[in-house]
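# Breakdown of the fold
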Amino acid sequence: MKELVTPLLAWYNLNKREMPWRDTRDPYLIWISEIMLQQTQVETVRPYFDRFIKQFPDVSSLATANQQQVLKSWEGLGYYSRARNLQKAAKLLVDEIAGELPTNFTDLLNIPGIGPYTAAAIASIAFSEPVPVVDGNVFRVFARINELEDDISRPQTRTLVFNSLKEIIPTENPGDFNQAIMELGALVCRPKQPKCDECPVAGFCSGFRKGTFSGFPVKKKMKERPHKEIAVGLCFFEGKVLIARRHENQMLAGLWEFPGGKLEVGETLPECVIREFKEEVGLDVIVTDKIAAVNHAFTHFTITVHAYICKHISGEALPLSGSEVKWVFPEELSQFPFPKANLVIIKSFLDHIK
Ligand code: SF4
């Protein structure tokens, strides 16, 4: 594979996309961008990256920030544990190594939230260490070029690809090589309809030569994700609406939401809201209008969130299952970090009470 390095780098230099994190060797900026880019498209990340870096320009500003500010800045990007882990890691860097990121692959792996992919990206781009990145794009390009029959969801396959690329990654500008192969996967060797006629490495690609590329990479079929129906209530009382903060040990920890939960067997959605209000915040409510139904996909399951307006009947709001409850004015909702599905609900709510 060594012979593909030169044409790949030449193609990259001519075709790479402008990205705010691309022409920097600042390890902090590369770290933030790589964490944001996990499971998220470049175009989605751009505005978040700019805003986050403006608010938290370095490790120490992130370490000392209020967690709610960090989550608010991340709001809508999803996978919120990434933001919490970033801040945890920033605190550790400040406490233990003077706020600097380690300068090599092995030591970077000791930082919470930094796995082999992110460590390789930071080490190669910021510190010119010749260590390859292996992500979905790299797997696809490598598997097609080599007609790799191994299942890419197996850890052994990752090791095989990593070791093979380690043999060919150049010692000069290894970061460019890593970015080039990822960019090739994103722009040319796309999952569907790869543009082989524009590909700088087509001459070295077995999958192209034999017309087998669409069978690669090989990946065992994922099980269908289970689906959950969720019902939540927006209890509007004396001009304010009730919100609850998720517990630190729950999924989406630290974020705010409207009380509610999973529909149980034999229950209607309004009955679910009434039960959840009693269990989660100790309030008796009646349910009136439905204002939204929002679909959302997590890694292992999908949900539909049904949102209802509720009227308070009795009781005092208490954080029985979360860490905090608050009555807030509708215009204050934008100050609190909510999971993505809730942003549509908030908009419907604001339209509803206009
Ligand atoms: Fe991918 Fe086609 Fe290039 Fe092979 S020739 S690496 S299949 S785009």
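See above for the structure.
In this text the structure is predicted, and so the values were computed from the model without any measurement. (Residues numbered from 1 in each chain as written. Predicted model: local features only at pLDDT ≥ 70, side-chain atom pairs only at ≥ 80, totals over all residues. Heavy atoms only, no water.)

Put simply, F216 and P217 share a cis peptide bond, and its omega is 0°. Mapped onto the elements of the fold, P217 is located in the loop between helix 12 (206–210) and strand 1 (227–237). In this structure, E147 takes a positive phi of about 45° despite not being glycine. Examined against the element boundaries, E147 turns out to sit in the loop between helix 9 (136–146) and helix 10 (155–168). (Helix = DSSP H or I, 4+ residues; strand = E, 2+ residues; numbered from the N terminus.)

The next point concerns the pairing of strand 5 (residues 284–297). Sheet topology note: the strand 5/strand 6 (residues 302–314) ladder contains 11 bridges and is antiparallel. Its bridge partner lying in strand 6, A292 is registered against A307. From the end of strand 5 to the start of strand 6, which pair antiparallel, there are four residues. (Pairing = 2+ DSSP bridges.)

This paragraph deals with the pattern of salt bridges. In the structure shown here, the tally under the stated rule is 15 salt bridges. In this structure, K326 and E324 form a salt bridge, with 3.7 Å as the shortest nitrogen-oxygen distance. What makes E324 partly exposed here is its relative accessible area of 27%. (Salt bridge = Lys/Arg side-chain N within 4 Å of Asp/Glu carboxyl O. Buried < 20%, exposed > 50% of the residue type's maximum accessible area, 1.4 Å probe, protein only.)

Moving on: the site of the ligand. With respect to spatial proximity, the complete set of residues near the ligand consists of R144, I145, V188, C189, P194, C196, C199, A202, C205, F208 and F213. Residue composition of the shell around the ligand, grouped by class: 10 nonpolar, no polar and one charged. (Near = heavy atom within 4 Å. Nonpolar A, V, L, I, M, F, W, Y, C, P; charged D, E, K, R; others polar.)

A word on the nonpolar core. Counting 104 residues, the largest nonpolar core has Y28, W31, I32, F52 and F258 as the members making the most contacts within it. Counting only domains with at least three residues in this core, you end up with domain 1 (2–215) and domain 2 (227–352). One finds A231, V273, V287 and V325 within the second-largest nonpolar core, a separate group that totals 16 residues. (Core = buried A, V, L, I, M, F, W, Y, C linked by side-chain atoms within 4.5 Å. Domains from an automatic or database assignment.)

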